[in-house]
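Spelled out from the first residue to the last, the chains are:
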Amino acid sequence: MTTPTTVAGAVTVSLRDRLQQFLAFASLLVIFIVFSVASPNFLTYGNVLAILYSTVVIGTLALGTTFVIITGGIDLSIGTGMALCAVMSGVMIVNADFPLLLGVLGTILFGGLLGLINGVNVALLKIPPFIATLAMMLVAQGLALVLSHSTPIYFNDIPAYSKISRGNLIPDFPNAVIILAVVAVIAGVLLNKSTLGRYTYSIGSNEDATALSGIDVRKWKIIVYTFAGLFTGLAGLMISARLGSAQPATGTGYELQAIAAVVIGGTSLAGGKGSIVGTVIGALIISVLNNGLQILSIPQEWQNVILGCVILVAVYADMVRKKEA
Amino acid sequence: MAFVDDDPEAASSATLLRAEGVSKSFPGVKALSEVHLDLRRNEVLGLVGENGAGKSTLMKLLSGIYQADEGEFFLNGERFAATSPRHAQELGISIIHQEFNLMPDLTVAQNIFIGREPRVGRFLLSERALNDKAADLIERLQLPLAPRALVGSLTVAKQQMVEIAKALSYDARVLIMDEPTAALNDAEVATLHELIQRFRSPDTGVIYISHRMDELKAISDRITVLRDGQYVATVDTRATTMKEVISLMVGRTLSSEARPEGVREDREVLLSVQGLSTKALLKDVSFDLRKGEILGFAGLMGAGRTEVARAIVGADKTESGTVLLRGKPVQIHSPADAAQYRIGYLSEDRKQYGLLLEQDVNANITISSIGELFSSLGFVKDRAMRVASQRSVESLRIKTPSILQTAKNLSGGNQQKVVIAKWLLKDCDIMIFDEPTRGIDVGAKEEIYALLNSLVDEGKSIIMISSELPEVLRMAHRVVVMSEGRITGTLDAAEATPESVMHYATLRPDENPEDAAELGLETLTQEEGER
């Protein structure tokens, strides 16, 4: 094999990859421009910030679940798991007077624990991911209510807690968005450059072949679910910091929004394919749509109808493009 | 060699199916170029060609899966163009694919008549009528099938019979079989050939695609050869040697096959398996593998050869048994452990158990070695991986435009080389090949054989499980023969002949050898008796 051929092959592949991300980005841009033209209130600094700010929770959940979906799995427990983590944060910081930093770390690690349990159920007990995480979704939902006695826990006495989300390390720029950006970069680097990421893709491509290649698939699946759980914990932290309270009865539906973001971003539910850039763009598309439709005073009920259609179009377009490529 | 490119006028009355000047292109590839083919009445026509020669494409055109760009098809002298597999079936052309289209959770009868179930009234199905209908068909075809059996519980050979019964239930006039014997043992092949002989009649014909020359010699009347999407020749089977057919396929003459040199008894025993048993099948399996040796594993399907391999590498659980590596006992609980001990397993089913099909060559070659060679602090070294993959591609001469080519786009032979490269990079001392040349065309097989020989010359040890007897006899220094989960014989290269291997392969471990020799013919003689 001669070197020139190799180089030519490499160029074609990376160009196609870039085109894929360009297409997702282009659709985001088109939606953005349409709204900008449709309403003068859309393209303002304040509103763009509001869009970014509203992306944080779904975005964080979507980042972690991207890994799970690339392994060919699914995690339905991230929505109510997030609510449970928020409640745990309240229990630790408000009820038990934990120092703030410890409580914050504890919340994120508690999310990791939920993920670990999912991972053990899926990888060791071989319970199908859909079922294992559906069960965890119910358990988390119930536990959130039990631990909080079905009442919200307010962080009113700990003003620093809200600063995690609403504070401005950079003037006029909410911390939450910075945190999302940082974890997105971390997730992207891990998915592309770490052994974790590499095994995530290979498990999703062919779990049997990966195991027979001498990779400890069970261990790595547990790690992936645990890793996704850390993002659930972080999302629980971010949503309670934003609201200034832990709302035990929330969370349902967030998992589907996060999965929608991942899917719009071109990650295949069959596993083996996907990217963090895609997921970020997918989450942004959902936020921009919600925000823009609201500004155009389109009723809430219709927003979900439109979002549903967007998911169908996005996935269908992706399939057509892959068939051509 | 007798070419039989008859003048079409004279042959037309004898012709059942004809294809003329057929071309088909896919983006970037001309799969078929002006190919013709004619199938006569009452004939079994062999169709051969290396992988990529266009056999499958031609069959897919005949059966309506693809539409031809150019060319015409005639059935009984009438022009036709099948627009869908259903349409082709209605015309009387049925195809049995290499990979079956069966629903494992449905019964034999439900599979045969899927979409055509007998009904009571408009909506209700009549299970009894369905089973009666299937029983009639099965009896007419003299197949050893039970209409109510779940297809998933049947052996591969019986599943194939279900496919055949399904095809013939459409009153097929042309039966196309794509590599029908790839997963069958010799007795099952004989049963299949019997069935084909019964099917042929002045109204029908069979197109039989195969890589196995001995079978083509036995079953076919004529053989059509394709090469690189083009028609090469049609020859009369009786007047042609199979060597000549192979040289038509590859466009060159193959050198005569060499046998391996004598046993290597002086060599160090690298791997010693003692008393290996599993719950399901294996009983007290013991053997030694020496350094620089190819140890062949022969036996019929289901004898337990693959199970031995999977048990050794920890893919399946064992009940008892010890594995000694260089004289020391080792515990292998998973393929990950096996990889640590430098034992690699190369499955017969590369797509399911060997490759990350959607990933590139680079990812496939490096996957086993990432942890050891290509990572530090949890991060992967992409550049080092690419350098290593590139070197593997060059040294094994893997034909790929680049290491970033997706694995599924490679030919079978090159996919196998990718899997070999993976284990070489892991620096495996022991490689267990399960059917190393399955689905690989004749020319590439030679390359794989040469590669196996060069591996043992470098001091690697190889266990080679193979259902192709000529392959085992040609490659193995010693042959272990299994039957029903036990080792029934171990033969040196000098002792191993097709007859001696088949003798041990059909030996029932628990019974006396004379009864067992007839085991392979059991099903056939039963049917003969009923008739």
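Everything quoted here is computed from the prediction, not taken from an experiment.

S.K.: Would you explain the overall build of chain A in this entry?
M.R.: Looking only at helices and strands, chain A has 13 helices and two strands in total. By the compact-globule yardstick of 20 Å for 325 residues, chain A fits well, its C-alpha radius of gyration being 20 Å. Judged by the C-alpha coordinates and their principal axes, chain A covers about 70 × 55 × 35 Å. Looking at the 325 residues of chain A, the share that counts as buried comes to 48%.

S.K.: Where do I start with the overall build of chain B in this structure?
M.R.: The secondary structure content of chain B amounts to 21 helices and 24 strands. Counting all 531 residues of chain B, 47% fall into the buried class. Pairs at least 24 residues apart make up 67% of the contacts formed inside chain B by residues separated by at least 6 positions.

S.K.: Looking at this structure, how should I read the environment of A315(B)?
M.R.: One can find A315(B) in the loop between α10 (305-312) and β16 (320-325). Overall, the presence of 20 C-beta atoms within 10 Å leaves A315(B) in the buried class. A315(B) sits 47 residues away from N362(B) along the chain, and the two C-alpha atoms are 25 Å apart. Among all residues touching A315(B), those that are not within four sequence positions of it are L212(A), R310(B) and P335(B).

S.K.: Got a minute to help me understand the sheet that holds strand β18 (residues 343-346) of chain B in this structure?
M.R.: By way of backbone hydrogen bonds, the strands of a sheet pair with one another, either parallel or antiparallel. Residue and element names in this part refer to chain B. In spatial order, the strands read β18-β21-β22-β15-β23-β24; together these six strands make up an open sheet with mixed pairing. The outermost strands of the open sheet, each flanked by one partner alone, are β18 and β24 (486-492). Neighbour-to-neighbour, the strand axes of the sheet open up by a mean angle of 20°, direction not taken into account. Inspection of the sheet shows strand β15 (residues 294-299) paired to strand β23 (residues 478-483) by five bridges, in the parallel sense. Counterpart to G299 in the pairing with β23 is M482. Its contacts with the sheet place helix α17 (residues 442-457) against β15 and β22 (461-465), and it is angled at close to 145° to β22.

S.K.: Mind showing me how you'd approach the sheet that holds strand β11 (residues 222-227) of chain B here?
M.R.: All names here are of chain B. A sheet is described by the order of its strands in space; here six strands give the open sequence β6-β9-β10-β3-β11-β12, paired in mixed fashion. At either margin of the open sheet sits one strand with a lone partner, and together these are β6 (93-96) and β12 (230-236). For this sheet the average axis-to-axis angle between neighbouring strands, irrespective of direction, equals 20°. Bridging between β11 and β12 involves six bridges; their strand directions are antiparallel. Paired with L226 across the strands is Y231, a residue of β12.

S.K.: What's the story with the interface of chain A and chain B in this structure? I'm lost.
M.R.: Where interface size is given, it is often the accessible area lost as the parts come together that is meant. Contact residues are listed per partner, giving 26 residues for chain A and 35 residues for chain B. In terms of residue count, helix α8 (residues 195-205) of chain A provides more of the side of chain A that touches chain B than any other element does, six residues in total.

S.K.: Even after reading the chapter, I still don't get the packing of helix α2 (residues 45-70) of chain A against helix α12 (residues 276-295) of chain A, so can you show me in this structure?
M.R.: Each pair of packed helices can be summarised by the angle the axes make with each other and by the distance between the axes. Residues and elements named next belong to chain A. Following both chains from N to C, one finds α2 and α12 inclined at 135°, their axes separated by 8 Å at the closest point. Looking at the two axes, α2 sits oblique to α12. In this structure, the crossing between α2 and α12 has a hand that is right-handed. From α2, N47, A50, I51, S54, T55, I58, G59, A62, L63 and T66 reach across to α12, where they touch I276, T279, V280, G282, A283, L284, I286, S287, V288 and N291. Residue composition of the contact of α2 with α12, by class: eleven nonpolar, nine polar and no charged.

S.K.: Help me understand the domain arrangement of chain B, please; the structure alone is not making it clear to me.
M.R.: Residue and element names in this part refer to chain B. As assigned here, chain B comprises domain 1 (1-92 + 174-185 + 211-241), domain 2 (103-172), domain 3 (257-342 + 429-531) and domain 4 (351-426). Domain 3 puts ten residues into the contact, and the matching count from domain 4 is nine residues. Broken down by element, the residue count for the side of domain 3 that touches domain 4 peaks at four residues, all from α17. Residues that form the side of domain 3 that touches domain 4 fall into these classes: seven nonpolar, one polar and two charged.

S.K.: How should I be thinking about the nonpolar core in this particular structure?
M.R.: Nonpolar side chains tend to gather and get buried jointly when the protein is soluble and globular. Core analysis: the largest hydrophobic core is formed by 169 residues, its most contacted members being L61(A), M238(A), I432(B), I463(B) and M464(B). With 16 residues, helix α10 (residues 217-243) of chain A is the largest single contributor of residues to this core. Counting contributing residues per domain, this core is built from domain 3 (257-342 + 429-531) and domain 4 (351-426) of chain B, each supplying no fewer than three. If we ignore the near neighbours within four places in the chain, the residues touching I463(B) are L289(B), L295(B), F297(B), A309(B), I432(B) and F433(B).

S.K.: Sorry if this is basic, but what is going on with unusual backbone geometry here?
M.R.: Negative phi values dominate among residues other than glycine, just as trans dominates among peptide bonds. Residue and element names in this part refer to chain B. Located in the positive-phi region is R342, a residue other than glycine, with phi close to 65°. Take R342: it is sitting in the loop between α11 (335-340) and β18. Positive phi, normally seen in glycine, also occurs at R397, with a value near 50°. Relative to the elements of secondary structure, R397 occurs in the loop between α15 (382-395) and α16 (412-425).

S.K.: Can you walk me through the pairing of strand β4 (residues 70-75) of chain B in this structure?
M.R.: The two faces of the sheet receive side chains in turn, since in a regular strand these alternate between them. All names here are of chain B. Two strands pair when backbone bridges link them, and strand β1 (residues 15-26) and β4 are joined in this way by five bridges, in the antiparallel orientation. The residue of β4 that forms the bridge with S23 is E70. Between β4 and strand β5 (residues 78-80), which pair antiparallel and follow one another directly, the connecting turn spans two residues, one of which, N76, has a positive phi of 55°.

Each value, and the rule that gives it
- Residues numbered from 1 in each chain as written.
- Chains lettered and ligands numbered in written order.
- Predicted model: local features only at pLDDT ≥ 70, side-chain atom pairs only at ≥ 80, totals over all residues.
- Helix = DSSP H or I, 4+ residues; strand = E, 2+ residues; numbered from the N terminus.
- Rg over C-alpha atoms; globule rule 2.2 N^0.38 Å.
- Buried ≥ 20, exposed ≤ 12 C-beta atoms within 10 Å, placed from the backbone.
- Contact = placed C-beta atoms within 7 Å.
- Pairing = 2+ DSSP bridges.
- Axes fitted to C-alpha atoms, helices over the stretch in contact; angles between N-to-C directions.
- Parallel < 35°, antiparallel > 145°, perpendicular 65-115°, else oblique.
- Left-handed = near helix turned anticlockwise from the far one by under 90°.
- Nonpolar A, V, L, I, M, F, W, Y, C, P; charged D, E, K, R; others polar.
- Domains from an automatic or database assignment.
- Core = buried A, V, L, I, M, F, W, Y, C linked by C-beta atoms within 7 Å.

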